[in-house]
Amino acid sequence: GNLVAIVGRPNVGKSTLFNRLTQSRQAIVNEQAGTTRDRQYGKSEWVGKEFSVVDTGGWVVNSDDIFEEEIRKQVVLAIEEADVILFVVDVMNGVTDLDMDVANILRRSKTPVIVVANKTDNNMLQYNAAEFYSLGLGDPYCISAMSGSGTGELLDCILSKFRKEASEILDEDIPRFAVVGRPNVGKSSIVNAFIGEERNIVTEIAGTTRDSIYTRYNKFGFDFYLVDTAGIRKKNKVTEDLEYYSVIRSIRSIENADVCILMLDATRGIEGQDLNIFSLIQRNQKGLVVVVNKWDLVEVKTDAVMKGYEDAIRNRLAPFTDFPIIFTSALTKQRIFRVLETATEVYKARTTKISTARLNEEMLPLIEAYPPPSNKGKYIKIKYVTQLPNTRIPSFVFFANLPQYVKEPYKRFLENKIRERWNLSGTPINIFIRQK
Ligand code: GDP
(Lines give C-alpha, C1' and ligand atoms only; values in the text may rest on other atoms or scores of the structure.)
Protein backbone atom coordinates (compact mmCIF):
# COMPACT_ATOMS: atom_id res chain seq x y z
CA GLY A 1 0.00 0.00 0.00
CA ASN A 2 0.94 3.62 -0.38
CA LEU A 3 1.72 5.70 2.67
CA VAL A 4 1.10 9.43 3.02
CA ALA A 5 2.79 11.29 5.88
CA ILE A 6 1.63 14.61 7.28
CA VAL A 7 4.35 16.90 8.64
CA GLY A 8 4.50 20.49 9.84
CA ARG A 9 4.90 22.58 12.95
CA PRO A 10 2.32 22.50 15.75
CA ASN A 11 -1.11 24.14 15.31
CA VAL A 12 -1.10 24.35 11.52
CA GLY A 13 -3.99 21.86 11.44
CA LYS A 14 -2.25 18.53 10.88
CA SER A 15 -4.66 16.49 12.94
CA THR A 16 -7.69 18.23 11.42
CA LEU A 17 -6.36 17.31 7.99
CA PHE A 18 -5.64 13.78 9.21
CA ASN A 19 -9.23 13.45 10.42
CA ARG A 20 -10.58 14.89 7.18
CA LEU A 21 -8.61 12.40 5.08
CA THR A 22 -9.36 9.35 7.19
CA GLN A 23 -12.87 10.12 8.41
CA SER A 24 -14.92 8.17 5.91
CA ARG A 25 -12.78 5.05 6.20
CA GLN A 26 -12.34 5.11 9.97
CA ALA A 27 -15.66 3.47 10.75
CA ILE A 28 -14.71 0.43 8.70
CA VAL A 29 -11.18 0.16 10.03
CA ASN A 30 -12.24 0.50 13.65
CA GLU A 31 -14.50 -2.51 13.42
CA GLN A 32 -11.32 -4.51 13.92
CA ALA A 33 -9.65 -4.84 17.27
CA GLY A 34 -7.77 -1.56 16.83
CA THR A 35 -7.41 0.17 20.13
CA THR A 36 -5.17 3.18 20.46
CA ARG A 37 -3.38 5.22 17.86
CA ASP A 38 -6.39 6.08 15.74
CA ARG A 39 -5.36 9.69 15.85
CA GLN A 40 -2.07 8.94 14.13
CA TYR A 41 -2.70 6.15 11.67
CA GLY A 42 -5.69 5.57 9.46
CA LYS A 43 -6.91 4.49 6.07
CA SER A 44 -8.12 6.80 3.39
CA GLU A 45 -9.81 6.17 0.08
CA TRP A 46 -10.25 8.32 -2.99
CA VAL A 47 -11.77 7.24 -6.31
CA GLY A 48 -11.53 3.61 -5.27
CA LYS A 49 -7.88 3.72 -4.29
CA GLU A 50 -6.97 2.94 -0.70
CA PHE A 51 -3.93 4.30 1.07
CA SER A 52 -2.68 4.90 4.60
CA VAL A 53 -2.18 8.22 6.30
CA VAL A 54 0.10 8.86 9.22
CA ASP A 55 0.31 12.07 11.21
CA THR A 56 3.89 12.04 12.44
CA GLY A 57 3.10 14.86 14.85
CA GLY A 58 0.21 12.94 16.36
CA TRP A 59 2.59 10.72 18.29
CA VAL A 60 3.91 13.55 20.38
CA VAL A 61 1.71 13.98 23.40
CA ASN A 62 2.38 17.58 24.27
CA SER A 63 2.68 18.80 20.73
CA ASP A 64 2.22 22.44 21.73
CA ASP A 65 5.61 22.64 23.38
CA ILE A 66 7.27 20.32 20.93
CA PHE A 67 10.93 20.94 20.35
CA GLU A 68 12.11 21.99 16.95
CA GLU A 69 14.57 19.13 17.01
CA GLU A 70 11.68 16.71 17.36
CA ILE A 71 9.96 18.15 14.30
CA ARG A 72 13.12 17.72 12.27
CA LYS A 73 13.27 14.07 13.29
CA GLN A 74 9.69 13.54 12.24
CA VAL A 75 10.46 15.01 8.86
CA VAL A 76 13.46 12.73 8.39
CA LEU A 77 11.34 9.74 9.35
CA ALA A 78 8.57 10.79 6.95
CA ILE A 79 11.09 11.12 4.12
CA GLU A 80 12.33 7.60 4.78
CA GLU A 81 8.98 5.93 5.08
CA ALA A 82 6.36 7.75 3.06
CA ASP A 83 5.46 7.74 -0.63
CA VAL A 84 4.07 11.25 -0.45
CA ILE A 85 4.60 13.95 2.19
CA LEU A 86 2.00 16.59 2.95
CA PHE A 87 3.82 19.60 4.35
CA VAL A 88 1.15 21.61 6.12
CA VAL A 89 1.57 25.37 6.58
CA ASP A 90 -0.81 28.04 7.83
CA VAL A 91 -2.01 30.89 5.57
CA MET A 92 -2.89 32.97 8.61
CA ASN A 93 0.75 32.98 9.79
CA GLY A 94 2.67 32.89 6.54
CA VAL A 95 6.17 31.39 6.35
CA THR A 96 7.87 30.98 9.72
CA ASP A 97 11.51 30.16 10.44
CA LEU A 98 10.55 26.64 11.39
CA ASP A 99 8.64 26.21 8.11
CA MET A 100 11.80 27.27 6.31
CA ASP A 101 13.89 24.74 8.27
CA VAL A 102 11.48 21.94 7.41
CA ALA A 103 11.41 23.01 3.74
CA ASN A 104 15.20 22.90 3.64
CA ILE A 105 15.19 19.27 4.73
CA LEU A 106 12.32 18.34 2.41
CA ARG A 107 13.93 19.94 -0.64
CA ARG A 108 16.87 17.57 -0.34
CA SER A 109 14.71 14.42 -0.37
CA LYS A 110 13.48 12.45 -3.35
CA THR A 111 10.09 11.79 -1.77
CA PRO A 112 7.36 13.88 -3.45
CA VAL A 113 6.21 16.76 -1.26
CA ILE A 114 2.95 18.68 -1.52
CA VAL A 115 2.74 22.03 0.26
CA VAL A 116 -0.68 22.31 1.84
CA ALA A 117 -1.71 25.88 2.65
CA ASN A 118 -4.24 25.21 5.36
CA LYS A 119 -6.85 27.47 6.95
CA THR A 120 -7.71 29.00 3.57
CA ASP A 121 -11.24 29.42 4.82
CA ASN A 122 -12.16 32.15 2.35
CA ASN A 123 -11.03 33.23 -1.10
CA MET A 124 -9.21 36.34 0.09
CA LEU A 125 -6.78 34.18 2.03
CA GLN A 126 -5.70 32.46 -1.19
CA TYR A 127 -3.62 35.51 -2.03
CA ASN A 128 -1.58 34.96 1.14
CA ALA A 129 -0.65 31.51 -0.11
CA ALA A 130 1.59 32.95 -2.83
CA GLU A 131 4.14 33.50 -0.09
CA PHE A 132 4.66 29.74 0.18
CA TYR A 133 6.33 29.59 -3.22
CA SER A 134 9.39 30.83 -1.33
CA LEU A 135 9.62 27.39 0.31
CA GLY A 136 10.87 26.11 -3.03
CA LEU A 137 8.56 23.09 -3.07
CA GLY A 138 6.21 24.01 -5.90
CA ASP A 139 2.58 25.10 -5.97
CA PRO A 140 0.85 25.29 -2.62
CA TYR A 141 -2.58 23.61 -2.42
CA CYS A 142 -5.02 25.91 -0.70
CA ILE A 143 -7.41 24.01 1.51
CA SER A 144 -9.51 24.35 4.60
CA ALA A 145 -9.13 21.13 6.55
CA MET A 146 -11.91 22.39 8.78
CA SER A 147 -14.54 22.87 6.06
CA GLY A 148 -13.08 20.42 3.57
CA SER A 149 -12.77 22.91 0.74
CA GLY A 150 -9.93 22.13 -1.65
CA THR A 151 -9.36 18.61 -0.31
CA GLY A 152 -10.70 16.97 -3.50
CA GLU A 153 -8.01 18.61 -5.62
CA LEU A 154 -5.44 17.75 -2.97
CA LEU A 155 -6.48 14.07 -3.05
CA ASP A 156 -6.24 14.01 -6.85
CA CYS A 157 -2.74 15.39 -6.54
CA ILE A 158 -1.77 12.80 -3.88
CA LEU A 159 -2.96 9.93 -6.10
CA SER A 160 -1.03 11.27 -9.07
CA LYS A 161 2.20 10.90 -7.08
CA PHE A 162 1.73 7.22 -6.19
CA ARG A 163 3.68 4.58 -8.02
CA LYS A 164 2.72 1.14 -9.18
CA GLU A 165 2.21 -1.41 -6.45
CA ALA A 166 4.72 -4.23 -6.34
CA SER A 167 1.93 -6.58 -5.31
CA GLU A 168 0.59 -6.42 -8.84
CA ILE A 169 3.59 -8.37 -10.09
CA LEU A 170 3.99 -10.88 -7.26
CA ASP A 171 3.18 -14.56 -7.34
CA GLU A 172 -0.04 -14.67 -5.33
CA ASP A 173 0.52 -18.21 -4.07
CA ILE A 174 3.78 -17.47 -2.29
CA PRO A 175 3.43 -16.22 1.29
CA ARG A 176 4.72 -12.78 2.20
CA PHE A 177 6.36 -12.49 5.60
CA ALA A 178 7.34 -9.33 7.43
CA VAL A 179 9.73 -9.27 10.37
CA VAL A 180 8.67 -6.44 12.68
CA GLY A 181 9.48 -5.19 16.16
CA ARG A 182 11.19 -2.50 18.19
CA PRO A 183 14.76 -1.46 17.45
CA ASN A 184 17.37 -3.94 18.74
CA VAL A 185 15.07 -6.91 19.25
CA GLY A 186 17.11 -8.75 16.61
CA LYS A 187 15.22 -8.25 13.34
CA SER A 188 18.31 -7.88 11.18
CA SER A 189 19.95 -10.78 12.97
CA ILE A 190 17.06 -13.15 12.39
CA VAL A 191 16.71 -12.14 8.74
CA ASN A 192 20.40 -12.84 8.29
CA ALA A 193 19.93 -16.17 10.02
CA PHE A 194 17.07 -16.97 7.63
CA ILE A 195 18.87 -16.13 4.48
CA GLY A 196 22.41 -17.02 5.47
CA GLU A 197 25.61 -15.54 4.20
CA GLU A 198 25.10 -16.77 0.69
CA ARG A 199 21.92 -14.72 0.38
CA ASN A 200 19.77 -17.21 -1.40
CA ILE A 201 17.83 -14.66 -3.33
CA VAL A 202 15.67 -15.92 -6.16
CA THR A 203 14.22 -12.69 -7.47
CA GLU A 204 14.41 -9.11 -6.44
CA ILE A 205 11.50 -6.92 -7.32
CA ALA A 206 12.35 -3.29 -7.58
CA GLY A 207 10.40 -0.50 -9.18
CA THR A 208 8.49 0.75 -6.20
CA THR A 209 9.52 3.68 -4.10
CA ARG A 210 11.67 1.60 -1.80
CA ASP A 211 14.76 -0.08 -3.09
CA SER A 212 13.23 -3.50 -2.68
CA ILE A 213 9.96 -4.07 -0.93
CA TYR A 214 9.76 -7.79 -1.66
CA THR A 215 12.58 -10.23 -1.96
CA ARG A 216 11.84 -13.82 -2.78
CA TYR A 217 13.71 -16.59 -0.98
CA ASN A 218 13.85 -20.31 -1.10
CA LYS A 219 15.34 -21.58 2.15
CA PHE A 220 15.09 -24.92 3.95
CA GLY A 221 12.40 -25.92 1.48
CA PHE A 222 10.24 -22.86 2.17
CA ASP A 223 9.36 -20.50 -0.60
CA PHE A 224 8.49 -16.99 0.59
CA TYR A 225 8.84 -13.28 0.08
CA LEU A 226 10.35 -11.20 2.82
CA VAL A 227 8.59 -7.86 2.82
CA ASP A 228 10.50 -4.65 3.05
CA THR A 229 13.86 -5.94 4.10
CA ALA A 230 14.59 -2.30 3.44
CA GLY A 231 13.00 -1.61 6.82
CA ILE A 232 15.74 -3.71 8.32
CA ARG A 233 18.42 -2.29 6.06
CA LYS A 234 20.11 0.34 8.14
CA LYS A 235 19.86 2.09 11.42
CA ASN A 236 19.05 5.74 11.43
CA LYS A 237 20.80 7.46 14.29
CA VAL A 238 18.68 10.58 13.92
CA THR A 239 15.32 8.99 14.51
CA GLU A 240 15.89 5.70 16.25
CA ASP A 241 15.45 7.18 19.71
CA LEU A 242 11.94 8.34 18.89
CA GLU A 243 9.38 6.35 20.82
CA TYR A 244 7.15 5.81 17.79
CA TYR A 245 9.99 5.20 15.36
CA SER A 246 9.51 1.47 14.97
CA VAL A 247 5.76 1.85 14.68
CA ILE A 248 5.96 4.16 11.66
CA ARG A 249 8.70 2.03 10.20
CA SER A 250 6.48 -1.04 10.49
CA ILE A 251 3.40 0.31 8.76
CA ARG A 252 4.41 -0.44 5.21
CA SER A 253 5.84 -3.86 5.97
CA ILE A 254 2.74 -4.94 7.85
CA GLU A 255 0.39 -3.70 5.15
CA ASN A 256 2.30 -5.57 2.48
CA ALA A 257 2.60 -8.87 4.35
CA ASP A 258 0.35 -11.90 4.79
CA VAL A 259 2.02 -12.98 8.01
CA CYS A 260 3.90 -10.78 10.47
CA ILE A 261 6.72 -12.17 12.55
CA LEU A 262 6.53 -9.95 15.63
CA MET A 263 9.80 -10.05 17.52
CA LEU A 264 10.06 -9.46 21.25
CA ASP A 265 13.17 -9.31 23.39
CA ALA A 266 13.27 -12.04 26.06
CA THR A 267 15.32 -9.82 28.33
CA ARG A 268 12.67 -7.09 28.38
CA GLY A 269 8.94 -6.99 28.97
CA ILE A 270 6.31 -6.01 26.44
CA GLU A 271 6.38 -2.25 26.03
CA GLY A 272 4.23 0.41 24.41
CA GLN A 273 5.91 0.13 21.03
CA ASP A 274 5.38 -3.65 20.97
CA LEU A 275 1.68 -3.14 21.67
CA ASN A 276 1.36 -0.48 19.00
CA ILE A 277 2.97 -2.71 16.39
CA PHE A 278 0.71 -5.56 17.46
CA SER A 279 -2.30 -3.27 17.11
CA LEU A 280 -1.23 -2.39 13.55
CA ILE A 281 -1.04 -6.10 12.71
CA GLN A 282 -4.53 -6.61 14.10
CA ARG A 283 -6.08 -3.64 12.37
CA ASN A 284 -4.70 -4.86 9.07
CA GLN A 285 -5.98 -8.40 9.77
CA LYS A 286 -2.62 -10.03 9.21
CA GLY A 287 -1.38 -13.41 10.34
CA LEU A 288 0.85 -13.40 13.42
CA VAL A 289 3.77 -15.38 14.78
CA VAL A 290 5.27 -14.04 18.01
CA VAL A 291 8.98 -14.65 18.37
CA VAL A 292 10.68 -14.24 21.74
CA ASN A 293 14.27 -13.63 20.73
CA LYS A 294 17.57 -13.58 22.68
CA TRP A 295 16.47 -16.76 24.43
CA ASP A 296 20.16 -17.60 24.85
CA LEU A 297 20.38 -14.78 27.41
CA VAL A 298 17.69 -16.28 29.63
CA GLU A 299 19.42 -18.33 32.28
CA VAL A 300 16.66 -20.60 33.50
CA LYS A 301 14.88 -22.11 30.52
CA THR A 302 12.51 -24.63 32.10
CA ASP A 303 9.09 -25.41 30.66
CA ALA A 304 7.57 -23.46 33.52
CA VAL A 305 9.57 -20.37 32.63
CA MET A 306 8.51 -20.69 29.00
CA LYS A 307 4.92 -21.12 30.07
CA GLY A 308 5.25 -17.98 32.19
CA TYR A 309 6.42 -15.99 29.17
CA GLU A 310 3.64 -17.38 27.02
CA ASP A 311 0.94 -16.54 29.55
CA ALA A 312 2.29 -13.03 30.07
CA ILE A 313 2.36 -12.37 26.32
CA ARG A 314 -1.13 -13.71 25.71
CA ASN A 315 -2.44 -11.66 28.62
CA ARG A 316 -0.99 -8.46 27.21
CA LEU A 317 -2.28 -9.16 23.70
CA ALA A 318 -5.76 -10.38 24.71
CA PRO A 319 -8.48 -10.75 23.49
CA PHE A 320 -6.69 -12.22 20.45
CA THR A 321 -4.65 -15.02 21.97
CA ASP A 322 -4.68 -17.83 19.45
CA PHE A 323 -1.26 -17.38 17.89
CA PRO A 324 1.99 -19.34 18.01
CA ILE A 325 4.90 -18.21 20.20
CA ILE A 326 8.43 -19.36 19.43
CA PHE A 327 11.54 -18.89 21.56
CA THR A 328 14.60 -18.19 19.45
CA SER A 329 18.17 -17.08 19.45
CA ALA A 330 19.12 -15.32 16.27
CA LEU A 331 22.67 -15.53 17.57
CA THR A 332 22.90 -19.33 17.85
CA LYS A 333 20.15 -19.87 15.23
CA GLN A 334 18.11 -21.87 17.71
CA ARG A 335 14.63 -22.60 16.29
CA ILE A 336 15.09 -20.31 13.28
CA PHE A 337 13.77 -23.04 11.03
CA ARG A 338 10.72 -23.38 13.25
CA VAL A 339 9.88 -19.70 12.71
CA LEU A 340 9.70 -20.13 8.94
CA GLU A 341 7.77 -23.35 9.29
CA THR A 342 5.26 -21.75 11.63
CA ALA A 343 4.87 -18.62 9.50
CA THR A 344 4.11 -20.92 6.56
CA GLU A 345 1.48 -22.72 8.66
CA VAL A 346 -0.12 -19.42 9.65
CA TYR A 347 -0.21 -18.45 5.99
CA LYS A 348 -2.05 -21.70 5.25
CA ALA A 349 -4.44 -21.03 8.12
CA ARG A 350 -5.11 -17.53 6.80
CA THR A 351 -5.95 -18.90 3.37
CA THR A 352 -7.89 -21.94 4.61
CA LYS A 353 -10.99 -22.95 2.68
CA ILE A 354 -13.38 -25.25 4.49
CA SER A 355 -16.11 -26.95 2.50
CA THR A 356 -19.68 -26.14 3.43
CA ALA A 357 -20.41 -29.83 3.87
CA ARG A 358 -17.65 -30.32 6.45
CA LEU A 359 -18.48 -27.09 8.27
CA ASN A 360 -22.08 -28.14 8.74
CA GLU A 361 -21.15 -31.69 9.61
CA GLU A 362 -18.89 -30.52 12.44
CA MET A 363 -20.62 -27.39 13.65
CA LEU A 364 -24.33 -28.22 13.59
CA PRO A 365 -24.14 -31.05 16.16
CA LEU A 366 -22.16 -28.72 18.45
CA ILE A 367 -24.71 -25.97 18.00
CA GLU A 368 -27.46 -28.43 18.74
CA ALA A 369 -25.75 -29.55 21.93
CA TYR A 370 -25.01 -25.94 23.00
CA PRO A 371 -27.60 -23.72 21.32
CA PRO A 372 -27.58 -19.93 21.65
CA PRO A 373 -29.51 -18.89 24.77
CA SER A 374 -33.13 -18.04 24.01
CA ASN A 375 -34.10 -14.40 24.14
CA LYS A 376 -37.39 -13.16 25.66
CA GLY A 377 -38.81 -16.63 25.32
CA LYS A 378 -37.87 -16.90 21.67
CA TYR A 379 -35.80 -19.83 20.54
CA ILE A 380 -32.84 -19.05 18.35
CA LYS A 381 -32.04 -21.60 15.73
CA ILE A 382 -28.91 -21.75 13.63
CA LYS A 383 -29.58 -23.86 10.59
CA TYR A 384 -26.61 -23.57 8.32
CA VAL A 385 -23.05 -22.29 8.09
CA THR A 386 -20.82 -21.51 5.15
CA GLN A 387 -17.47 -19.83 4.50
CA LEU A 388 -17.53 -16.70 2.36
CA PRO A 389 -15.47 -16.85 -0.84
CA ASN A 390 -12.72 -14.35 -1.72
CA THR A 391 -12.20 -12.77 1.67
CA ARG A 392 -8.94 -11.54 3.17
CA ILE A 393 -9.24 -13.78 6.21
CA PRO A 394 -11.42 -16.85 6.80
CA SER A 395 -14.95 -15.53 7.24
CA PHE A 396 -17.92 -17.65 8.25
CA VAL A 397 -21.61 -16.88 8.03
CA PHE A 398 -24.08 -18.61 10.29
CA PHE A 399 -27.71 -18.36 9.24
CA ALA A 400 -30.21 -17.96 12.05
CA ASN A 401 -33.90 -17.22 12.44
CA LEU A 402 -33.23 -14.28 14.80
CA PRO A 403 -29.65 -13.17 14.10
CA GLN A 404 -29.95 -10.00 16.22
CA TYR A 405 -30.24 -12.13 19.38
CA VAL A 406 -27.00 -14.01 18.87
CA LYS A 407 -24.64 -12.14 21.17
CA GLU A 408 -20.85 -11.71 21.35
CA PRO A 409 -20.17 -14.52 23.86
CA TYR A 410 -21.90 -17.01 21.60
CA LYS A 411 -20.04 -15.73 18.55
CA ARG A 412 -16.83 -16.25 20.50
CA PHE A 413 -17.94 -19.79 21.29
CA LEU A 414 -18.46 -20.45 17.57
CA GLU A 415 -15.11 -18.88 16.74
CA ASN A 416 -13.30 -20.98 19.34
CA LYS A 417 -14.89 -24.17 18.09
CA ILE A 418 -13.87 -23.42 14.51
CA ARG A 419 -10.36 -22.60 15.70
CA GLU A 420 -10.10 -25.83 17.69
CA ARG A 421 -11.41 -27.99 14.91
CA TRP A 422 -9.41 -26.55 12.02
CA ASN A 423 -6.29 -25.20 13.72
CA LEU A 424 -6.42 -21.58 12.63
CA SER A 425 -3.71 -20.47 15.04
CA GLY A 426 -2.19 -17.12 14.09
CA THR A 427 -4.93 -15.84 11.82
CA PRO A 428 -7.83 -13.58 12.68
CA ILE A 429 -11.20 -14.88 11.50
CA ASN A 430 -14.62 -13.29 11.05
CA ILE A 431 -17.91 -14.69 12.33
CA PHE A 432 -21.11 -13.25 10.91
CA ILE A 433 -24.69 -14.13 11.85
CA ARG A 434 -27.28 -13.46 9.17
CA GLN A 435 -30.95 -13.96 8.58
CA LYS A 436 -31.51 -17.32 6.98
P1 GDP B 1 17.17 -4.91 15.02
O2 GDP B 1 17.34 -3.47 15.36
O3 GDP B 1 15.85 -5.42 15.50
O4 GDP B 1 17.42 -5.25 13.59
O5 GDP B 1 18.24 -5.71 15.93
P6 GDP B 1 19.66 -6.32 15.52
O7 GDP B 1 19.49 -7.56 14.73
O8 GDP B 1 20.51 -5.24 14.94
O9 GDP B 1 20.20 -6.76 16.96
C10 GDP B 1 20.45 -5.82 17.99
C11 GDP B 1 21.53 -6.37 18.91
O12 GDP B 1 21.06 -7.54 19.58
C13 GDP B 1 22.80 -6.76 18.18
O14 GDP B 1 23.88 -6.42 19.00
C15 GDP B 1 22.67 -8.29 18.04
O16 GDP B 1 23.91 -8.92 17.95
C17 GDP B 1 21.94 -8.65 19.30
N18 GDP B 1 21.12 -9.87 19.13
C19 GDP B 1 20.20 -10.11 18.17
N20 GDP B 1 19.62 -11.31 18.34
C21 GDP B 1 20.19 -11.86 19.44
C22 GDP B 1 20.01 -13.10 20.14
O23 GDP B 1 19.20 -13.97 19.80
N24 GDP B 1 20.77 -13.29 21.25
C25 GDP B 1 21.66 -12.35 21.68
N26 GDP B 1 22.37 -12.64 22.78
N27 GDP B 1 21.85 -11.19 21.06
C28 GDP B 1 21.13 -10.94 19.93
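Predicted model, so just to flag it, every value in this text is computed and none were measured.

Scoring rules and cut-offs
- The numbering scheme is per chain: residues are counted from 1 as the chain's sequence reads.
- Residue-level local features of this predicted model are given only where pLDDT is at least 70; pairs of side-chain atoms are given and counted only at 80 or more, and the full residue set underlies all totals for whole chains, interfaces and linings.
- We count a residue as near a molecule or strand when its backbone-placed C-beta atom lies within 6 Å of that partner.
- Helix and strand definitions follow DSSP, with helices as H or I runs of at least four residues and strands as E runs of at least two, each counted in order from the N terminus.
- For this classification, the nonpolar set comprises Ala, Val, Leu, Ile, Met, Phe, Trp, Tyr, Cys and Pro, the charged set comprises Asp, Glu, Lys and Arg, and every other residue, Gly included, is treated as polar.
- Two strands are counted as paired when DSSP detects at least two bridges linking them.
- Neighbour counting defines burial: a residue surrounded by 20 or more other C-beta atoms within 10 Å of its own C-beta is buried, one with 12 or fewer is exposed, and intermediate counts give partly exposed, using backbone-placed C-beta atoms.
- Only the stretch in contact is used when a helix axis is fitted, and all axes are lines through C-alpha atoms; the angle between N-to-C directions ranges over 0 to 180 degrees.
- Residues are scored as being in contact if the C-beta atoms we place from backbone atoms lie within 7 Å.
- The pLDDT score gives, residue by residue, the confidence of the prediction method on a 0 to 100 scale.
- Any set of buried Ala, Val, Leu, Ile, Met, Phe, Trp, Tyr and Cys residues joined through C-beta atoms within 7 Å is what this text calls a nonpolar core.
- Multiplying one less than the number of residues by 1.5 Å gives the expected span of a helix.
- The arc in question is the one traced by the directions running from the helix axis out to the C-beta atoms.

A. Up close: the site of the ligand. Near the ligand there are 16 residues, and of these Gly186, Lys187, Ser188, Ser189 and Ala330 occur at the shortest range. A per-element tally of the shell around the ligand places helix H5 (residues 187-195) first, with three residues. The class makeup of the residues in the shell around the ligand is six nonpolar, seven polar and three charged.

B. Structural view of the pairing of strand E16 (residues 430-435). As paired elements, strand E15 (residues 395-400) and E16 share six bridges and run parallel to each other. Note on E16: the bridge partner recorded for Phe396 is Ile431.

C. Just unusual backbone geometry, in detail. Each neighbour pair has its own omega, and for Ala318 with Pro319 the value is 10°, a cis peptide bond. Relative to the helices and strands, Pro319 is located in the loop between helix H9 (303-317) and strand E13 (325-327). With phi around 40°, Val47 is a residue other than glycine that occupies positive phi space. By C-beta crowding, Val47 is classed as exposed, having 8 other C-beta atoms within 10 Å. Its identity is not glycine, yet Arg335 carries a phi of approximately 60°, on the positive side.

D. A look at the sheet that holds strand E14 (residues 382-387). Across the sheet, which stays open at both edges, the three strands sit in the order E14-E15-E16 with mixed pairing between neighbours. Two strands close off the open sheet at either side, each with one partner strand: E14 and E16. Each adjacent strand pair in this sheet contributes to an overall mean axis angle of 25°, direction not counted. The strands touched by helix H12 (residues 408-422) within the sheet are E15 and E16, with E16 carrying the most contacts at an inclination of about 125°.

E. View of the sheet that holds strand E5 (residues 113-118). Taking strand neighbours across the sheet as the criterion, the six strands line up as E2-E3-E1-E4-E5-E6 in an open arrangement whose pairing is mixed. Edge positions in the sheet fall to strand E2 (41-46) and strand E6 (140-142), since each has one partner strand and no second. Averaged over all adjacent pairs, the angle separating strand axes in this sheet is 30°, with direction ignored. Relative to E6, E5 runs parallel, the two being bridged by three bridges. What sits directly across from Val115, in E6, is Pro140. Where helix H3 (residues 97-107) meets the sheet, its contacts fall on strand E1 (3-7), strand E4 (84-90) and E5, and the angle it forms with E4 comes to roughly 160°. Strands E1, E2 and strand E3 (49-55) of the sheet are contacted by helix H7 (residues 245-256), whose axis makes an angle of about 165° with E3.

F. A look at H5. The complete set of buried residues in H5 reads Lys187, Ser189, Ile190, Val191, Ala193 and Phe194. With its phi angle positive at about 70°, Gly196 sits one or two positions after the end of H5.

G. The confidence of the model for the protein, seen in detail. On average, residues of the protein score 86 in pLDDT, and 86% of them are at 70 or above. The low-confidence segment residues 198-211 (pLDDT under 50) makes 28 contacts with residues lying over four places distant or belonging to another chain.

H. Local environment of the nonpolar core. Phe87, Val116, Ile261 and Leu262 are the most contacted members of the largest nonpolar core, which has 110 residues in total. Top contributing element to this core by residue count: helix H10 (residues 336-350), with seven residues. What Ile261 contacts, discounting residues up to four positions off in sequence, is Phe177, Ala178, Val179, Val180, Val289, Val291, Val339 and Ala343.

I. Focus on the pairing of E1. Among the five residues that make up E1, five are buried, leaving the element largely enclosed by the rest of the structure. Burial along E1 is two-sided: the face carrying Leu3, Ala5 and Val7 and the face carrying Val4 and Ile6 are both buried. Summarising the sheet, E1 and E3 pair through four bridges and their orientation is parallel. Its bridge partner being in E3, Val4 is matched across the sheet by Val53. Of the pairings in the sheet, the one linking E1 to E4 comprises four bridges and is parallel in character. From the neighbouring strand, Val7 faces E4, where its bridge partner is Phe87.

J. Representation of helix H2 (residues 68-81) within the structure. With 14 residues, H2 extends 20 Å between its outermost C-alpha atoms, agreeing within 8% with the 20 Å of an ideal straight helix rising 1.5 Å per residue. Here H2 has its buried residues at Ile71, Gln74, Val75, Leu77, Ala78 and Glu81. Along the axis of H2, the buried residues cluster in a sector spanning 165°; they form a single face. With respect to the buried face of H2, the exposed residues turned more than 90 degrees away are Glu68 and Glu69. In the core, the buried residues of H2 are packed alongside E1, E4, H3 and H7.

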